[in-house]
Amino acid sequence: MIVIRDLSFSYGNDFAIELTHLEIASGQKVAFVGESGCGKTTLLSLIAGVLRPHKGEINVCEHKTHLLSEKELRLFRLQNIGFVFQNFALLDYLNVRENILLPFTLQSKKITQQTLDRLEYLLSAVGIRDKNKQKPQHLSQGEKQRVAIARALIHKPSIVIADEPTGNLDPKNSQKIMNLLWQEIDNTTFLMITHDHSVLDKFDRTVRFDAKGIVA
Amino acid sequence: MRSILFLAYKYISHNYLKTIVLTVCLLLTTVVPLAAYFIINAYEQHFEERAHGITLIAGHRGNDYDILLRSLYYKGAYPGSLSMQDFADVQHAGQAIPMYLPFTGHKLYAAQEQNVYYENVPIVGTRLDYFSMRNIKLTKGRWPVIWGEAVVGSQVARRMNIRIGDFVLSDQKNLYDITASYPLKMKVVGILQRTHSPDDDVIFVDIKTTWIIEGIFHGHDDLSDKVQKNVVVSKAKIHEYPEITPQNLHLFHHHGKAKDLPVTAILILAKDHKSKTILLGDYQGNERVTLIQPLKVITRLMSLVLRVHAFFEAYFVLVIFTVVLFIILVVMLSLRLRTEEFSILYKMGCRKQTLYAMVFMEFFLVFVFSMVLSVICVALFEWMIPPRYILQLFAG
């Protein structure tokens, strides 16, 4: 469950996002749409605890993230959030397997057999099992995004945040990735920024942003 | 910590070109001062080893370094000669070993021999007690028992393929000096064990043999049967022997006094500190003979080397400073290029300190790798170029 009340955030005097109230139920699939620069990414960053609000409350999975310390926020992100970025954001010096296990590496967590089983499952599910030793530069765009999805899901996060995950893909690959996401996110809360209106009917809900950055 | 190490290792191994460039920069910056340090240490150690046990060296007053280099390393300018009288004068202080060192020689190859290799190596005229003092053993043959016999150092024997029974020939000091004595043909009767010292690269003969090379001792046609009414009646040409054999050995003689026979240096192993002090006192102010304390001269020589080294050190400090600036620049550019990567890691939950630690660890690994390589390079350098070659480099 995500609850946002009286939220206000700005980058100096240039841009502001204000939000009186927003509730997203657990397991809900929500699409965020609006023009570029209207605050979609900022809102998701605030929900994920990457940014701190200037005013208001953000309650995510029973964590009052606006009150958490830097360390607590970091742990909160590592344990509860899975990110899928538009540009895939894979580390080119790690292979597919190591990229997927990155959330565990960053937590200095021991890789258990359970994690390895999950890894094997995800590699098969996203169709890149045979490429698990390859570096990102040897993968196609679609394959890179599959790796990014597997990385977002490896630690079974409560929320998956996807920032235009199909933005760099052709329509055929976009469709495949969307199907894959839908197949794997299961009961996870899924927040996705998109400009592709053809996929909106898949979502439980759509949040629209107007040009002033105020949520409609 | 393990994850930082893992990510840093992955980064530097993936970006291997950058790693190689940085490693080479650091390697070159550190290996040269390390090698210089090693050379100086080896130089000093090697010098001191040769002087070990030798309390004093008597030589002709002049350049102390020449006496030291000539008597211990058979190198450098000839320092001038003393006489056997001087040798007799210092014997009361302890064991004294005379050395006469003005000559060089080479192997006398037989006409049918192939792989002829000429090298003029020093001929060291001394006495048998030199070998016991240096603890030099024979590997083949025997010690010289008559004049004109030689034993050769292991490396001379190896390079010129000298075997027992071969001959070595002394070199003429001046080819155009028609009054000079003939080169002396000397039979090799022994080959010495390797000592890893300058003794491996010389020909040893009895000191009297060097006086024969000098022409002071000589053997020529027996004129005793040509004496008529107390007058020697002979041809103008008297045939001098170029080789000493058991048949002509008794004909070798010299004109003059034994005390005037020349020596280059006298190694003195003083009985005790008192004998050494008395001897030093005896020769203080002597205008012809000087006594040098080899370890002190070595220290003086090393201080000269270290003074030169200080300039190098200042230069290396500048080089290291430049490399540090270069590395800072590389770090800054690298951080700028990796802004997005760090932003992603931060979003995912990575601490900022962890990101800094990652960058630090990457450079630390490169630094450690460079240092290990530096040490290996210096060790290889030490293994490939033994100290005596380094010494040759300096002593010429």
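This structure is a prediction, so every number in the text was calculated from the model and none was measured.

Visitor: Explain the confidence of the model for chain A here, please?
Guide: Detail in the predicted coordinates should be disregarded across regions flagged by low pLDDT. Of the residues in chain A, 96% reach a pLDDT of 70 or more, and the chain-wide mean stands at 82. Ranking the elements of chain A by mean pLDDT puts helix 7 (residues 171–185) of chain A last with 76 and helix 3 (residues 96–100) of chain A first with 90.

Visitor: Help me understand the sheet that holds strand 3 (residues 29–33) of chain A, please; the structure alone is not making it clear to me.
Guide: In sheet architecture, strand pairing relies on hydrogen bonds along the backbone and comes in two forms, parallel and antiparallel. Residue and element names in this part refer to chain A. The strand order across the open sheet built from five strands is 6-7-8-3-9, with neighbouring strands paired in parallel fashion. A strand with exactly one partner marks an edge of an open sheet, and here the two such strands are strand 6 (81–84) and strand 9 (205–208). Strand after strand, the sheet turns through a mean of 20° between neighbouring axes, direction not considered. Pairing of strand 6 with strand 7 (residues 159–163) involves four bridges; the strand directions are parallel. If you follow F83 over to strand 7, its bridge partner there is I161.

Visitor: What's the story with the pattern of salt bridges in this structure? I'm lost.
Guide: Opposite charge on two side chains makes pairing possible when the charged atoms of those side chains draw close. Taken as a whole and judged by the stated rule, the model has 16 salt bridges over all chains. The salt bridge partner of E98(A) is K10(B), with a shortest N-O separation of 2.8 Å. Pair noted here: E98(A) is in helix 3 and K10(B) is in helix 1 (residues 2–14), and the two residues belong to different chains. For the residue pair E98(A) and K10(B), the accessibility class agrees, reading buried in each case. The salt bridge involving R159(B) is made with D201(B); its shortest N-O contact spans 2.9 Å. Of the two residues, R159(B) is situated in helix 6 (residues 154–159) and D201(B) in the loop between strand 8 (185–192) and strand 9 (203–206); the sequence distance between them amounts to 42 residues. Look at D201(B) and you get buried, because its relative accessible area is 11%. Salt bridges sharing common partners tie together R97(A), E120(A) and R129(A).

Cut-offs and rules
- Residues numbered from 1 in each chain as written.
- Chains lettered and ligands numbered in written order.
- Predicted model: local features only at pLDDT ≥ 70, side-chain atom pairs only at ≥ 80, totals over all residues.
- Heavy atoms only, no water.
- pLDDT = per-residue confidence, 0-100.
- Helix = DSSP H or I, 4+ residues; strand = E, 2+ residues; numbered from the N terminus.
- Pairing = 2+ DSSP bridges.
- Axes fitted to C-alpha atoms, helices over the stretch in contact; angles between N-to-C directions.
- Salt bridge = Lys/Arg side-chain N within 4 Å of Asp/Glu carboxyl O.
- Buried < 20%, exposed > 50% of the residue type's maximum accessible area, 1.4 Å probe, protein only.

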